[in-house]
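Here is what each chain is made of, one letter per residue.
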Amino acid sequence: MIDRRTFSTRLLASAALGIAGAPAWAADDQRPIHLLVGFPAGGGSDAIARLLAEKLKDLLGRNVLVDNRPGAGGQVAAQLLKAAAADGTTLFLSHDHTISILPQVVKKPGFAPDADFVNVGGIATFVNGLAVSPGTPAKSVADYVEWVKTQKGGKSAVGIPAPASTPEFLVQLLAKKYNLDLVAAPYKGSAPMMADMLGNQIAAGVGSVPDFIEYHRAGKLRMIGVLGGRRQGALPDVPTFSELGFKGLEDEPFYGIWAPKGTPAAFIDTFTRALEKTVAMPEVHKQLTDMGLNVGYMSPRQLATRERAYTDVWAKIIKESGFQPQ
């Protein structure tokens, strides 16, 4: 039996260790992990997060809860990640827009990926594409260009899932190449954009293949062009914009997971190993591939390399567009 004096001494010692900076995470930690997603439920990012969360829960022995925090193209979720305790209870699943594009197009995004986040691991690459609504008769980019010129007086709106995003710059490139007056119409994520496209409230949209692919397969909309240096395995009949004469659009965006800077290395290592096993599961690989992703685990270092390369490519495109950070 421990006497009161001994108990008090041990309590003070434990407190002193905490003040000295003892790790805020232990291997037997049972607290749930909140996986932030910067877009609404129902979109591609949400579907990916929920698939991974279910498998990671089993491997880690901890609940992994998808926490949708939509707003400003993932900026809200990224700011929440920066403010979160670096204790292994908060992570962020995102694609390229929040990590590579937002810091270039927003003067004060409220976070800096290199300074505020640590790479946990990559999941896959993917491509963005142009799709037309069911009421738009075009079956190819050439058809769409002709339709806009003859039926819309050369002017039309194109939906995009977030302002100042890769899709917005693609709309600008399309307008310039084909001498059209295309206006990018930003939405708060892909889900509301899809709703308007399916309802023929907007004639076309640019977004990720994972956002479009199920509707394309069901014949509810049509994808007519994709970015990237190769045709996508899930969409072999859809040409790339490189085939259509666009240059510099071969680099593929990515999906990854990040943690707050200062998160214990032991936790990062444990989670990364679980993520690698999850992505390698045949059923997970198939489901992600069916979503239109080019599936392949990336280590934290590989994700950092992919991130830098993609950021550099779009820094040039953004600069050449004349866009000024808002």
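Report follows, based on the coordinates. Everything numeric in this text was worked out from a predicted model, so none of it was measured.

1. Re the packing of helix α2 (residues 44-60) against helix α11 (residues 282-290)
Packed helices, taken two at a time, are described by the angle between their axes plus the distance between the axes. One can describe the packing of α2 onto α11 by two numbers: an axis separation of 11 Å at closest approach and a directional angle of 175 degrees. Judged by the angle between their axes, α2 and α11 are roughly antiparallel. Contact with α2, carried on its side by Ile48, Leu51, Leu52 and Lys55, involves Glu283, Val284, Gln287 and Leu288 of α11 and no other residues of that element. Of the residues that constitute the contact of α2 with α11, the class distribution is 5 nonpolar, 1 polar and 2 charged.

2. A look at the sheet that holds strand β7 (residues 181-186)
The strand order across the open sheet built from 5 strands is β7-β6-β8-β5-β9, with neighbouring strands paired in mixed fashion. Strand pairing shows two members of the sheet lacking a second neighbour, β7 and β9 (222-226), which therefore form its edges. Strand-to-strand twist in this sheet, taken as the mean axis angle between neighbours without regard to direction, amounts to 30 degrees. Set on the sheet, helix α7 (residues 166-178) makes contact with β5 (128-132), β6 (155-160), β7 and β8 (204-208); between it and β7 the angle comes to about 170 degrees. Running at roughly 145 degrees to β8, helix α8 (residues 190-198) makes contact with β5, β6 and β8 of the sheet.

3. Examining the sheet that holds strand β4 (residues 117-125)
Sheet architecture is open: 6 strands sit in the order β2-β1-β3-β10-β4-β11, paired in mixed fashion. What marks the edges here is a single partner per strand, and that holds for β2 (64-68) and β11 (294-298). Sheet twist, expressed as the mean angle between neighbouring strand axes with direction ignored, is 25 degrees. The pairing of β4 with strand β10 (residues 254-260) spans 7 bridges and is antiparallel. In the strand pairing of β10, Thr125 is matched with Phe254. Sheet contacts for helix α10 (residues 265-280): β1 (33-37), β3 (90-95), β4, β10 and β11; angle to β4, the most-contacted strand, approximately 5 degrees.

4. Describing the pattern of salt bridges
Applying the stated rule across the entire model yields 13 salt bridges. With a shortest N-O distance of 3.3 Å, Glu54 and Lys57 are connected by a salt bridge. One end of the pair, Glu54, and the other, Lys57, are both in helix α2, 3 residues apart, so they sit about a helical turn from each other. We note a salt bridge from Lys55 to Glu283, for which the minimum N-O separation is 3.5 Å. A residue pair is termed long-range when its members are at least 10 positions apart, and Lys55 in helix α2 and Glu283 in helix α11 qualify at 228 residues. When its relative accessible area of 23% is taken as the criterion, Lys55 is described as partly exposed. Accessibility expressed as a relative area gives 37% for Glu283, which makes it partly exposed.

Parameters and conventions
Residues numbered from 1 in each chain as written. Predicted model: local features only at pLDDT ≥ 70, side-chain atom pairs only at ≥ 80, totals over all residues. Heavy atoms only, no water. Axes fitted to C-alpha atoms, helices over the stretch in contact; angles between N-to-C directions. Helix = DSSP H or I, 4+ residues; strand = E, 2+ residues; numbered from the N terminus. Parallel < 35°, antiparallel > 145°, perpendicular 65-115°, else oblique. Contact = heavy atoms within 4.5 Å. Nonpolar A, V, L, I, M, F, W, Y, C, P; charged D, E, K, R; others polar. Pairing = 2+ DSSP bridges. Salt bridge = Lys/Arg side-chain N within 4 Å of Asp/Glu carboxyl O. Buried < 20%, exposed > 50% of the residue type's maximum accessible area, 1.4 Å probe, protein only.

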